[in-house]
Amino acid sequence: MRKYIVANWKMYVGNRESIALSRGVLSFLRGKTQLPEIILCPSFPALNDVHKIIAKSRMKLGAQNVFWQENGAYTGEVSASMLAELGCQYVLVGHSERKEHLGETEEMIQKKMQAVWQQKLIPICCVGESFEQYQKGNTFVVLKKQIENALHFIPRNGREILLAYEPCWAISTQKKSEVSVKEVVEVLTQIQAFLQQTFSEERAKKIHLIYGGSVEKNTAYSFLREPIVEGILVGQASIKIHQFLEIIQASCEVLEGQP
Ligand code: PGA
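What counts, and where the lines are drawn
- Residues numbered from 1 in each chain as written.
- Predicted model: local features only at pLDDT ≥ 70, side-chain atom pairs only at ≥ 80, totals over all residues.
- Heavy atoms only, no water.
- Axes fitted to C-alpha atoms, helices over the stretch in contact; angles between N-to-C directions.
- Helix = DSSP H or I, 4+ residues; strand = E, 2+ residues; numbered from the N terminus.
- Left-handed = near helix turned anticlockwise from the far one by under 90°.
- Contact = heavy atoms within 4.5 Å.
- Nonpolar A, V, L, I, M, F, W, Y, C, P; charged D, E, K, R; others polar.
- Near = heavy atom within 4 Å.
- Polar contact = N/O pair within 3.5 Å; in protein donor to acceptor, adjacent residues only side chain to side chain.
- Areas by Shrake-Rupley, 256 points an atom, 1.4 Å probe, with all protein chains shown as cover.
- Buried < 20%, exposed > 50% of the residue type's maximum accessible area, 1.4 Å probe, protein only.
- Pairing = 2+ DSSP bridges.

## Some points on the packing of helix H1 (residues 15-29) against helix H11 (residues 241-257)
Logical step 1: H11 packs onto H1 with a crossing angle of 35° between their chain directions and a minimal axis gap of 10 Å. As H1 packs across H11, the resulting crossing turns out to be right-handed. Here Leu21, Gly24, Val25, Phe28 and Leu29 of H1 come into contact with H11, specifically with Ile241, Phe244, Leu245, Ile248 and Gln249.
Logical step 2: Its residues placed into classes, the contact of H1 with H11 shows eight nonpolar, two polar and no charged.

## Quick look at the site of the ligand
Logical step 1: Of all residues adjacent to the ligand, which total 13 residues, the nearest are Lys10, His95, Glu166, Ser172 and Ser214.
Logical step 2: A distance of 2.7 Å separates an oxygen atom of the ligand from a polar side-chain atom of lysine 10.
Logical step 3: Backbone polar atom of serine 172 to an oxygen atom of the ligand: 2.6 Å apart, as the coordinates give it.
Logical step 4: Here the ligand has 280 Å² of accessible area as a free molecule, and 100% of this is covered by the chains.
Logical step 5: Across the shell around the ligand, the residue classes tally to three nonpolar, seven polar and three charged.

## Thoughts on the pairing of strand S8 (residues 231-234)
Logical step 1: What you see with S8 is no split at all: Gly231 and Leu233 on one side and Ile232 and Val234 on the other are buried throughout.
Logical step 2: With four bridges joining them, strand S1 (residues 4-8) and S8 adopt parallel strand pairing. Within S8, the residue paired with alanine 7 across the bridge is valine 234.

## Side note on the environment of methionine 1
Logical step 1: With respect to the helices and strands, methionine 1 occurs in the segment before S1.
Logical step 2: As a C-alpha pair, methionine 1 and valine 13 span 12 residues in sequence and 32 Å in three-dimensional space.
Logical step 3: Not counting residues up to four positions away in its chain, the partners in contact with methionine 1 are Pro227, Glu230, Leu255 and Gln258.

Dropping the structure here:
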């Protein structure tokens, strides 16, 4: 079984720090055999330099956003083909911070998913409920709608997708995740059952379920050792090199402990 560690550096760090972080991870990985899939998602300006550093390693490059059009008069936007040209293999789509601060809608998310798919990039599709929805017990209803929308144009059989469950209220809390591992496992189990019903079992297997929301070194291991949690999406803890390396180390330990 594979485990994914996605580092979302958000707008926390620019090119210089992204280079330093990438180098730090690269030297830590040297000599290690059993590794998770590590996907670094720096800000747009840092993609090129980070790619140069990790190109020959087992790490992969991801972007934090994408525009759905291929090219044209869309000032400030970046297309999926431009990301592919820079060496990106993954793209975050539908992150809740974009919904909250930039008015990203479900319709936009659907178009972005399509654009990413057509360019043969792997989407890391984020879904999650608000605190109010969580309190009302509506988590799964909300997630189901978001997933249906995001996967609407994605072929029933085909390449892999990462689906990140990120409760909006658990992101960037600056403290230990308030969501328990048990709750995450319950939600992911529901998502998995839904995917198996909606698509074929074969298709569902290629939709890897990961969790994100204030994961840090002390919680990474307990999330990752759950078989249904195929990976974690890490924000703030991934820009502190020591924390991030401990998270990678935790995933290595989980992998080594697996049959
Ligand atoms: P966080 O971010 O780890 O800082 O909560 C996760 C994310 O937003 O993807």
